[in-house]
2 protein chains.
Amino acid sequence: MSTTRDGSSRTASPSTTRDLRSFDESLPMALMRAREAVMRRFRPILAEHELTEQQWRVLRALDDVDDSITVGELAERTFLLGPSLSRMLVTLEERGLIARAADRGDARRSKTEITPTGRRLVATIAPRSEIVYDEISAQLGHHDLEQLYDLLRRTAAVTDQP
Amino acid sequence: MSTTRDGSSRTASPSTTRDLRSFDESLPMALMRAREAVMRRFRPILAEHELTEQQWRVLRALDDVDDSITVGELAERTFLLGPSLSRMLVTLEERGLIARAADRGDARRSKTEITPTGRRLVATIAPRSEIVYDEISAQLGHHDLEQLYDLLRRTAAVTDQP
DNA sequence: TATTGTTATACTCTATAACTATA
DNA sequence: TATAGTTATAGAGTATAACAATA
């Protein structure tokens, strides 16, 4: 690698002004490429179960919490907008994968939880997800993988406070 | 961090079977969160210039190559599907940001290039992109940032050959 | 017969605003 | 008056198939 990023002009650059890191090497693209590589293996598995990537995010997020959570909380965790999520929850409820109930105490809030059927679906898909994970773990090694997580966490933290 | 990922059951896990890494900690989500953090700062800049994230990817990819490239090549580099790209190119051409011409030699191929207007737009936006980049660079430090790139590259390589 | 790119079609998600009902 | 969630609406991207032109 060893790309010059110290503010000086880059070696192969025809421009005198400071360049963007080349497209292929830009951080957003590097992140997207890594994610694509992971998801490319995983999307067919989801498709078999007629789940979109976003619906899977919702199920996984709900599978993680033991209790039910509000729509707002769920939107934050899944990076989905309220309106998108709202309609997705209708679909997932119709499929019996999630259940909703009004919050006792604050009737504006609607609490969502995953159903046993939903948990079974997650449990069915989970092992296939592990295979992809293991490939990456084997490739990078445990130490480097943890380091990747750490670097990603620190990157995400940079712009957490807008 | 130090999550147990060696195949043994996890400490806080109620399940006897092998768990998924928790949703928040899953690799795709970690990658998405990092990317979101970067793009959250950048999207408003693109919106000012009425560009979507995908249109920006196309312009950046074309700005990178000195020559014109085929639609297929462009699709690969930008992670866009042919039909999506095809329609986007019409829009970008109408805006005078790109130009297309039939390939001499193989009339099936259509070669695309960025126009001077397109390059000016990229040059206008680029410095704002650098600010975001510098924040991350400052936070992680040069060494760790390069390491992040290296780890992302190795992650992407894992599933390159399906 | 295979390849390159475009069109057609249906669906999903994004994004913003407006609305309902609570608080 | 502010908040939580839904509905409305417009637009963009995804995905697959079908198609035209060319190799």
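What counts and what doesn't
- Residues numbered from 1 in each chain as written.
- Chains lettered and ligands numbered in written order.
- Predicted model: local features only at pLDDT ≥ 70, side-chain atom pairs only at ≥ 80, totals over all residues.
- Heavy atoms only, no water.
- Salt bridge = Lys/Arg side-chain N within 4 Å of Asp/Glu carboxyl O.
- Helix = DSSP H or I, 4+ residues; strand = E, 2+ residues; numbered from the N terminus.
- Buried < 20%, exposed > 50% of the residue type's maximum accessible area, 1.4 Å probe, protein only.
- Near = heavy atom within 4 Å.
- Polar contact = N/O pair within 3.5 Å; in protein donor to acceptor, adjacent residues only side chain to side chain.
- Nonpolar A, V, L, I, M, F, W, Y, C, P; charged D, E, K, R; others polar.
- Contact = heavy atoms within 4.5 Å.
- Expected span 1.5 Å × (residues − 1).
- Phe/Tyr/Trp six-rings, centres within 6.5 Å; stacked < 30°, edge-to-face > 60°.
- Pairing = 2+ DSSP bridges.

(A) Here's a closer look at the pattern of salt bridges. Scanning the entire structure with this criterion turns up 25 salt bridges over all chains. With a closest N to O distance of 2.4 Å, A:E53 and A:R43 form a salt bridge. Here A:E53 is found in helix 2 (residues 53-64), whereas its partner A:R43 is found in helix 1 (residues 27-48), with 10 residues between them in sequence. Residue A:E53 is classed as buried on the basis of its relative accessible area of 14%. For B:E135, the salt bridge goes to B:R41, with nearest N and O atoms at 2.6 Å. Here the residue B:E135 occupies a position in helix 5 (residues 116-140), and B:R41 occupies one in helix 1 (residues 27-48), the gap between them amounting to 94 residues. Taking relative accessible area as the criterion, B:R41 reaches 24% and is therefore assigned partly exposed.

(B) Local environment of the protein's contact with DNA strand C. Taken together, 21 residues are adjacent to DNA strand C, and A:T52, A:S84, A:R108, B:S86 and B:R100 come closest. Atoms of DNA strand C within 4 Å of the protein: sugar and phosphate make up 67%, bases the balance. One of the side-chain N or O atoms of B:S86 is found 2.7 Å from a phosphate oxygen in DNA strand C. B:R100 places a polar side-chain atom, nitrogen or oxygen, 2.8 Å from a phosphate oxygen of DNA strand C. The element contributing the most residues to the surface near DNA strand C is helix 4 (residues 82-94) of chain A, with four residues. Of the residues in the surface near DNA strand C, the class split is seven nonpolar, eight polar and six charged.

(C) Focus on the side chain of B:E53. There is a polar contact of 2.4 Å between the side chain of B:E53 and the side chain of B:R43. Setting aside residues up to four positions removed in sequence, B:E53 forms contacts with B:R35, B:M39, B:R43 and B:L46.

(D) Up close: helix 2 (residues 53-64) of chain B. All names here are of chain B. Here helix 2 spans 17 Å end to end across 12 residues, near enough to the 16 Å set by a 1.5 Å rise per residue. Of all the 12 residues making up helix 2, nine are buried; the element is thus mostly covered by neighbouring parts of the structure. For helix 2, the full list of buried residues reads E53, Q55, W56, R57, V58, L59, R60, A61 and L62.

(E) How the structure looks around the protein's contact with DNA strand D. Within the structure, DNA strand D sits among 22 residues, and A:S86, A:R100, A:R108, B:T52 and B:S84 are positioned closest to it. Counting only the atoms of DNA strand D within 4 Å of the protein, the fraction contributed by sugar and phosphate is 72%. Within the contact set of DNA strand D, a phosphate oxygen lies 3.5 Å away from a side-chain nitrogen or oxygen of B:Q54. Among the elements of the structure, helix 3 (71-78) and helix 4 of chain A together with helix 4 (82-94) of chain B are those that each provide at least two residues to the surface near DNA strand D. Element by element, the count of residues in the surface near DNA strand D is highest for helix 4 of chain B, at four residues.

(F) Summary view of unusual backbone geometry. In this structure, A:E50 takes a positive phi of about 50 degrees despite not being glycine. One can find A:E50 in the loop between helix 1 and helix 2.

(G) Quick look at the packing of aromatic side chains. All names here are of chain A. For the coordinates displayed, the defined rule picks out two aromatic pairs over all chains. Consider the rings of F42 and W56, whose centres lie 5.6 Å apart with planes at 65 degrees: the pair is edge-to-face. Of the two residues, F42 sits in helix 1 while W56 sits in helix 2, which places them 14 residues apart along the sequence. The pair F42 / W56 is uniform in exposure class, with both members buried.

(H) Quick peek at the pairing of strand 3 (residues 110-114) of chain A. The pairing of strand 1 (residues 69-70) of chain A with strand 3 of chain A spans two bridges and is classified as antiparallel. Its bridge partner being in strand 3 of chain A, A:T70 is matched across the sheet by A:K111.

(I) Representation of the environment of B:V90. All names here are of chain B. Here V90 is to be found in helix 4. Since its relative accessible area comes to 36%, V90 is described here as partly exposed. V90 sits 10 residues away from R100 along the chain, and the two C-alpha atoms are 9.5 Å apart.

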